[in-house]
Each structure stands twice: as C-alpha cells, then as structure tokens.
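# A look at the structure
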Amino acid sequence: MLKDINNSIFIFFIILLVLIATLINYAYLILKNKIELDKMKKALDISDNIVLITDKNHKIKYANKGFEKNTGFKKEEVIGKSPSLFSSGQLDTSFYKNLHKTIHSGKEWRGEFINKNKNGDIVYEKSTITPIKDEKGNIIEFLAIKLDITKEREYQDIFLQQSKMACMGELLENISTNF
C-alpha cells in the first residue's frame, strides 16, 4: 500500500513537472511574441511613411507617428473616423469605387491620392492598400501604407512648366528667324 502511495506521488510529481514546464514554455512563447510585436510597432511608429489600419467598414483603428507628422492630425482625432476625412474632392467617385472593388475582392490596390492635410493644404500620396484576412480568409481589416510625394509632384510640375517655356522659346525663335 505504501508502495502504491509512493508511485502515485511520483506520478503526480512528474505530471506536475510536465505541466510547469509546459506553462513556462507557453509563457516564454507569449513573451517572445510580445517582444516581436513591440519591435514591429516601434518600427511602424518611427517610419516616415503613413501607416493606417482600418476595419472592414473603413473606420480608422490605427495611425502611426508618420501619419501625424505628414498630415498634422493626431491619431486620437481620427480613430473611429473614415479616411474620406482627408479627401480633397479632386478625385471622382469612380476612383473610389474602383479602389473599394479591388480591396473588397481581396486584392491589393496601388495608386495615388490627392488628399488634404489638417491645414487644408493639398498633398499627394503614393499608396498601397492591402486587405488583412483572418484564418478563414475573411477580410477583417485594411492596411494602408502611404508615402507623401507632394514635393516630388511640385518639382515635376516646375520641371514640366520649364520644359514648356523652353519649347515655346524655341518655337518663337524659329518663327522669328523664318520671317
């Protein structure tokens, strides 16, 4: 009988050790994942790119510090609101219909927005919007990564204007030499 009790205590002790080891391993994996997630969040926050996450109904759930820096909006001002808040009104409804059709079909969309910042200034953003799906393949969120290309567009416009002026100058010179 004493031998049975000793065997039972031994088995109980082994099971207890296995459970403790499993619990420690599980806690380690959770901690490791949390550290990785924290690194990712820090990387997103220090990025100069605008990073927005919306729910499937296009309500903003997350905005990084790059968003705040580029738009002038604080993330607290936009959480729960639609990204249409930034619309300049310069893109027609077919642009947005195509965008929504693409991302709701589960495909990535790439394009450029003409938006406005908090001050009402026009900004150009090169964007990629990617659907985020759950384990069953259902779309649950959308990830938008945007790059402010306003200065590049302004330089393009200046260069284009200068090119036009140079062409006009050459045309006028050719006309004057022919008369």
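Right above here is the structure, for reference.
Residues numbered from 1 in each chain as written. Predicted model: local features only at pLDDT ≥ 70, side-chain atom pairs only at ≥ 80, totals over all residues. Heavy atoms only, no water.

### Regarding the overall build of the chain
When its secondary structure is counted, the chain shows five helices and five strands. Starting at the N terminus and walking to the C terminus, you meet the elements of the chain as α-β-β-α-α-α-β-β-β-α. Against the compact-globule benchmark of 16 Å for 179 residues, the chain has a radius of gyration of 29 Å, which places it well outside the compact range. A principal-axis box enclosing the C-alpha atoms of the chain has dimensions of 125 × 30 × 30 Å. (Helix = DSSP H or I, 4+ residues; strand = E, 2+ residues; numbered from the N terminus. Rg over C-alpha atoms; globule rule 2.2 N^0.38 Å.)

### Some words on the environment of His58
Relative to the helices and strands, His58 resides in the loop between strand S1 (50-55) and strand S2 (60-63). Looking at His58, the relative accessible area reads 17%, which means it is buried. (Buried < 20%, exposed > 50% of the residue type's maximum accessible area, 1.4 Å probe, protein only.)

### Side note on the nonpolar core
Ranked by internal contacts, the top residues of the largest apolar core, which has 17 residues, are Leu52, Phe67, Val78, Phe86, Leu99, Trp109 and Ile129. Elements represented by at least two residues in this core include exactly S1, S2, helix H4 (93-104), strand S3 (109-116) and strand S5 (139-148). Setting aside anything within four residues of it in sequence, one finds Leu52 in contact with Ile60, Tyr62, Ala63, Phe67, Phe86, Phe142, Leu143, Ala144 and Lys146. (Core = buried A, V, L, I, M, F, W, Y, C linked by side-chain atoms within 4.5 Å. Contact = heavy atoms within 4.5 Å.)

### Remarks on the packing of aromatic side chains
As enumerated under the stated definition, the model contains seven aromatic pairs in all. Centroid distance Phe73 to Phe86: 5.4 Å. Interplanar angle 65 degrees. Geometry classified as edge-to-face. With Phe73 in the loop between helix H2 (65-71) and helix H3 (75-78) and Phe86 in the loop between H3 and H4, this pair connects stretches of sequence that are 13 residues apart. Residue Phe73 shares its accessibility class with Phe86, and that shared class is buried. One Lys or Arg, Lys146, reaches over the ring of Phe113 and ends 5.1 Å from the middle of that ring. (Phe/Tyr/Trp six-rings, centres within 6.5 Å; stacked < 30°, edge-to-face > 60°. Lys NZ or Arg CZ within 6 Å of the ring centre and 35° of its normal.)

### Brief notes about H4
With twelve residues, H4 ought to run about 16 Å at 1.5 Å a step, and its terminal C-alpha atoms sit 16 Å apart, in line with that. Two residues or fewer after H4 comes Gly106, characterised by a positive phi angle close to 95 degrees. (Expected span 1.5 Å × (residues − 1).)

### Remarks on the pattern of salt bridges
All chains considered together, the criterion is met by seven salt bridges. Its salt-bridge partner being Glu77, residue Lys118 comes within 2.8 Å of it at the nearest N-O pair. Here Lys118 is found in the loop between S3 and strand S4 (122-133), whereas its partner Glu77 is found in helix H3, with 41 residues between them in sequence. (Salt bridge = Lys/Arg side-chain N within 4 Å of Asp/Glu carboxyl O.)

### Let's talk about the sheet that holds S1
The strand order S2-S1-S5-S4-S3 describes an open sheet built from five strands, whose pairing is antiparallel. Looking at strand neighbours, the two that pair on one side only are S2 and S3, the edges of this open sheet. For this sheet, the mean angle separating the axes of adjacent strands, direction not counted, is 30 degrees. Note that S1 and S5 share six bridges and pair antiparallel. Residue pairing across strands places Val51 opposite Ile145, the latter belonging to S5. Across the sheet, H4 lies against S3, S4 and S5, angled at about 140 degrees from S3, the strand it touches most. (Pairing = 2+ DSSP bridges. Axes fitted to C-alpha atoms, helices over the stretch in contact; angles between N-to-C directions.)

### Some remarks on the pairing of S5
On a regular strand, each side chain points to the face opposite its neighbour's, so the side chains alternate between the two faces of the sheet. Both S4 and S5 contribute to a ladder of nine bridges, which runs antiparallel. Of the residues in S5, the one forming a bridge with Lys126 is Leu147. From the end of S4 to the start of S5, which pair antiparallel, there are five residues, and Gly137 there has a positive phi angle of about 90 degrees.

### Regarding the side chain of Thr102
Structurally, the position occupied by Thr102 is in helix H4. A residue is classified by how much of its surface remains accessible, and Thr102, at 17% relative accessible area, is buried. Residues contacting Thr102, with those up to four places away along its chain left out, are Lys107, Glu108 and Trp109.

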